[in-house]
Each structure stands twice: as structure tokens, then as C-alpha cells.
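Each chain is listed here by its residues.
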Amino acid sequence: MLTAPAVRTGQPRRLRLAGLLLLAVSALVSCHNDPVQHAEYFVFGTLVEVSLAQADEQDAVQAFTQIQDMLQSMHQDWHAWEPGRLQDINQAFAAGTAIEADNDVLALVRRSQTLEQLSGGRFNPAIGRLVALWGFHTSDYPVLGPPPTAAAIEQQVSHRPSMADIRIDASLIYSTNPWVQLDFGGIAKGLAVDRIADYLKEAGFRHAIINAGGDLRAFGQRASRPWRIAVRNPLSGVAGSIDIRQDEAVFTSGNYERYRLAPDERRYPHIIDPRSGWPAEHVMAATVIAADALVADAAATALVVAGLAEWREVADGLAIDTLFLTDENGTIYASKTMRQRLQAAPGVRIEALPGER
Ligand code: ADP
Ligand code: MG
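### Comments concerning the nonpolar core
Okay, so step 1: In terms of nonpolar packing, the biggest core is built from 75 residues, with Val-50, Leu-52, Leu-182, Ile-196, Leu-200, Ile-210 and Val-288 touching the most fellow members.
Okay, so step 2: In terms of residues, this core owes the most to one element, helix α7 (residues 293–318), which gives 16 residues.
Okay, so step 3: Counting 20 residues, the second-largest nonpolar core is a separate cluster that includes Leu-216, Ala-239, Val-250 and Phe-324.

What follows is the structure in C-alpha cells.
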């Protein structure tokens, strides 16, 4: 994961707007005297920070209010285990009935079908039942208790829930497999970040960074220089920094912060290999740069499942060339293009990815 962008210089001027999610709005002035308008929200269990450079303050405040509304409805619509649109769909899938869905849902289902296929089934948002079985439908980590029984896991896996089981017929959606349950936890942040970026661009903002707990998309520049972001390393703190080019998303999936802790102290992390039903434990984290946040988010999750042995299948499938994996010693295995871009922090070891062309 990444830390906040380096825009917190100068004295923030805070202005609170009413509302559940919007925590604060402030204008930050850097040493170059370029104001950055800044807002913070709390959604999906994560702090989302939006920073706008070279923007009019009033325009910014208006945009921040709009973003708050967007996040609020996304939170309700896409939640995997609270009542809402997704839960209605999941109930229909389990009952084998068709349900009306709007274009937003249909578009996300179609994109996820492609992402599952291109990631070789490593990213699979149809495994909601498996995620629930492991107890990961919670915001309270660590989850405590022994893992599910091997038989219960095997039962889920044997029914092979897949996005490919979902059929769309005009505005109706249904699943041919009652074991399919949607869980967009692996791309919720990416979806939200893209939506905010799209909205800001449409509203005419040219320089922005949207940072969701270290996963981010940025476009334009911070004054006359690129947005520079810090990438965190699970063990040593900061892995290094990356300068953003034009419009890019940088996402990390980690298998070290959210996990189940068994009575014997064994940890079972929250990213599950859909092929085995068991948590993916080959690497600690995966970081990806991609053109949009949804793909970056899905790819990072799929790369944690793939690990060092299978990383290339995911990279080729999803057309990702700038990535790194972090092993349990904190060693970074980076692709060639990532090695050219990541400015490593002192003492951080960077190796080539195994078998890279
Ligand atoms: P984080 O950003 O917290 O590291 P991810 O983006 O990797 O998380 O998403 C992890 C979440 O995605 C899990 O909590 C679960 O809801 C869901 N999930 C777990 N395994 C998979 C998988 N193989 N494919 C798709 N979604 C998954
Ligand atoms: Mg993800």
C-alpha cells in the first residue's frame, strides 16, 4: 500500500461540510505557493483523500460535495454483506431467479467476467460464499478462530462459482449456478477511484490525486512537477517513490493486514485462491501500475494469488507490465519497467522478477 501523496505542506485551512462521509475539506499551500484543495471521506472502511491542484476553491468545494454523494450511494450499492442492491442480487442468484439490474451493475458484471477470464480465474468476484465461509465479510480484523473445515471449503470449490455462470438478458440478470455470490471487495476501491477520477475530469479538473488508503489514481501534475507518491513496504515501511505520468493508477493488494488468526496463532490472509479455496500465501503484497484503477485493483489481487511462480500469466492476461511482488522478507521483485520507475528507499532490495523476458 501507499502513503498519502506529498501534498501536506503548509498550514491546512479546514472547512467542515455537513455529512456522514465527508470528514474535512482544506486548502493546503505548498512552499511553491500553489494551493491544493483537499477533502477526506471515510468509505469502504478506508480513508479516501481527494486532492485538486491548480483548482478554484469554490469549484473544488462543489466537486467535493458531489463526490460525497457518489461515495455514499456506492457504499450502499456495492456492499457485500450489508443490505442493498448487491444483496438483493445475491439472494436472487441463490434462489435461481432473475432480477432486474441497472446499467451500472450490468457493466460491472461484464467487466468482472472479462477480468476473471483474463486473470486465469485468480481474480474471481463470484466467490462471495467462500469469502463469507472464511469470515471475511467483516470490517473487524483480525477475524478470530480456527479456519473452516477442509470439507466445507472443498464443497464450495467443487461447485466452481464463476462470473461466467451469470447471464444477462436485457436488463435481467440471473445465475445458472446457485453457488455464485457476488463480492466486489477486490475491486470496490478501484471502482470508486475511477468514478471520482471520471467525474473530476468531466467537471474540468485537470490535476488531481484520489488516494483510497494508499491505493490511488492521479492525473495531471502537482504544480509544475509530477505527483510523487510513496509506496509502502510491508516490513520496512517505505519501499520507495514513483512519479505519476499523465494519468495512472497505482494499487497494492496485501496479504498481511487482513487475516484470520487461529488459536494456534496461525494466520490465514483474506485473499483467497479461488482454485483451492484457501488463502493465497506465496507473497505478502503485489503492486501494479495501470491506466485505470479497476484493472489495477483486480490485477493486484490476482497477482497475490499468482505469486512469483505464476505472475506472468496474470501480467500477460491483463496486459500489465509495471508491477512488483513483495515476499515475506520484504524483498521486492519488480518488472523491468517498474525497476525503471521505482526510486527505492535506502536499504530496500529490488530483484528482477523470476523468468522475466
Ligand atoms: P486489499 O486492498 O485490502 O489488500 P484486495 O483488493 O486484494 O484487498 O481485495 C480483497 C477482498 O476481495 C477480500 O476481502 C474479499 O472480499 C475479496 N477477495 C478475496 N479473494 C479474492 C479473489 N481471489 N478474487 C476476487 N476477490 C477476492
Ligand atoms: Mg484488489
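Next comes the rest of the description.
### Brief notes about helix α1 (residues 57–78)
Okay, so step 1: Between its first and last C-alpha atoms α1 spans 31 Å; for 22 residues at 1.5 Å apiece the expected length is 32 Å, and the two agree.
Okay, so step 2: For α1, the side-chain oxygen to backbone nitrogen distance between the N-cap and Gln-58 is 3.1 Å, and the N-cap itself is Asp-56.

### Digging into the coordination of the magnesium ion (ligand 2)
Okay, so step 1: Within the protein, Gly-186 (O), Asp-297 (O), Asp-297 (OD) and Thr-301 (OG1) serve as the donor atoms for the magnesium ion (ligand 2), at 2.1 to 2.5 Å.
Okay, so step 2: On the primary sequence, the residues serving as donors to the magnesium ion (ligand 2) are separated as G-x110-D-x3-T. Highlighted residues: Gly-186 in the loop between β8 (172–175) and α6 (188–202) and Thr-301 in helix α7, separated in sequence by 115 residues.

### Quick notes on the site of ligand 1
Okay, so step 1: The environment of ligand 1 is formed by 21 residues, the closest being Arg-122, Asp-183, Ser-253, Ile-272 and Thr-301.
Okay, so step 2: At a separation of 2.9 Å, a nitrogen atom of ligand 1 approaches a polar backbone atom of Asn-124.
Okay, so step 3: Contact distances for ligand 1 include 2.7 Å between an oxygen atom and a side-chain N or O atom of Ser-253.
Okay, so step 4: The fraction of the free accessible surface of ligand 1 (570 Å²) that becomes covered by protein chains is 94%.
Okay, so step 5: Among the secondary structure elements, those contributing two or more residues to the shell around ligand 1 are β13 (247–254) and α7.
Okay, so step 6: Counted by class, the shell around ligand 1 contains 8 nonpolar, 8 polar and 5 charged residues.

### Here we look at the packing of α6 against α7
Angle between the axes and distance between the axes: these two values describe a pair of packed helices.
Okay, so step 1: As a packed pair, α6 and α7 sit with axes 7 Å apart at the nearest point and diverge in direction by 165°. Judged by the angle between their axes, α6 and α7 are roughly antiparallel. The way α6 lies across α7 gives a crossing that is right-handed. Facing α6, whose interface residues are Ala-188, Lys-189, Gly-190, Leu-191, Val-193 and Asp-194, α7 presents Ala-293, Leu-294 and Asp-297.

### Section: the pairing of strand β10 (residues 215–219)
Okay, so step 1: Judged by how many residues are buried, β10 sits mostly within the fold: 5 of 5 residues are covered.
Okay, so step 2: In this structure, strand β9 (residues 208–212) lies alongside β10, joined through 5 bridges in antiparallel fashion. Within the sheet, the bridge partner assigned to Ala-212 lies in β10 and is Asp-215.
Okay, so step 3: Where β9 folds back onto β10 in an antiparallel hairpin, the turn is made up of 2 residues, including Gly-213, whose phi is positive at roughly 60°.
Okay, so step 4: As paired elements, β10 and β13 share 4 bridges and run antiparallel to each other. Considered in β13, the bridge of Arg-217 is made with Ala-249.

### Some thoughts on the pattern of salt bridges
Okay, so step 1: Counted by the stated rule, this structure contains 17 salt bridges.
Okay, so step 2: Asp-292 is the partner of Arg-111 in a salt bridge, and the nearest nitrogen-oxygen pair spans 3.5 Å. With Arg-111 in helix α3 (residues 103–118) and Asp-292 in the loop between β16 (285–290) and α7, this residue pair connects regions lying 181 residues apart in the sequence.
Okay, so step 3: As a salt-bridge pair, Lys-189 and Asp-215 come within 2.9 Å of each other at their nearest N and O atoms. You can see Lys-189 sitting in helix α6 and its partner Asp-215 sitting in strand β10, a full 26 residues away along the chain.
Okay, so step 4: It is possible to trace a salt-bridge network through shared partners that takes in Arg-122, Asp-273, Arg-275, Glu-310 and Glu-313.

### A short note on the sheet that holds strand β14 (residues 259–261)
Okay, so step 1: Pairing in this open sheet of 3 strands is mixed, and the strands run β6-β14-β15 from one edge to the other. Only two strands of the sheet have a single partner each, and these edge strands are β6 (143–144) and β15 (267–269).
Okay, so step 2: Where β14 and β15 come together, 3 bridges link them in antiparallel fashion. Looking at the pairing, Arg-260 lines up with Tyr-268 of β15.

What counts and how
Residues numbered from 1 in each chain as written. Chains lettered and ligands numbered in written order. Predicted model: local features only at pLDDT ≥ 70, side-chain atom pairs only at ≥ 80, totals over all residues. Heavy atoms only, no water. Core = buried A, V, L, I, M, F, W, Y, C linked by side-chain atoms within 4.5 Å. Buried < 20%, exposed > 50% of the residue type's maximum accessible area, 1.4 Å probe, protein only. Helix = DSSP H or I, 4+ residues; strand = E, 2+ residues; numbered from the N terminus. Expected span 1.5 Å × (residues − 1). Polar contact = N/O pair within 3.5 Å; in protein donor to acceptor, adjacent residues only side chain to side chain. Donors = N, O, S within 2.8 Å, 3.2 Å for Na, K, Ca; no water. Near = heavy atom within 4 Å. Areas by Shrake-Rupley, 256 points an atom, 1.4 Å probe, with all protein chains shown as cover. Nonpolar A, V, L, I, M, F, W, Y, C, P; charged D, E, K, R; others polar. Axes fitted to C-alpha atoms, helices over the stretch in contact; angles between N-to-C directions. Parallel < 35°, antiparallel > 145°, perpendicular 65-115°, else oblique. Left-handed = near helix turned anticlockwise from the far one by under 90°. Contact = heavy atoms within 4.5 Å. Pairing = 2+ DSSP bridges. Salt bridge = Lys/Arg side-chain N within 4 Å of Asp/Glu carboxyl O.

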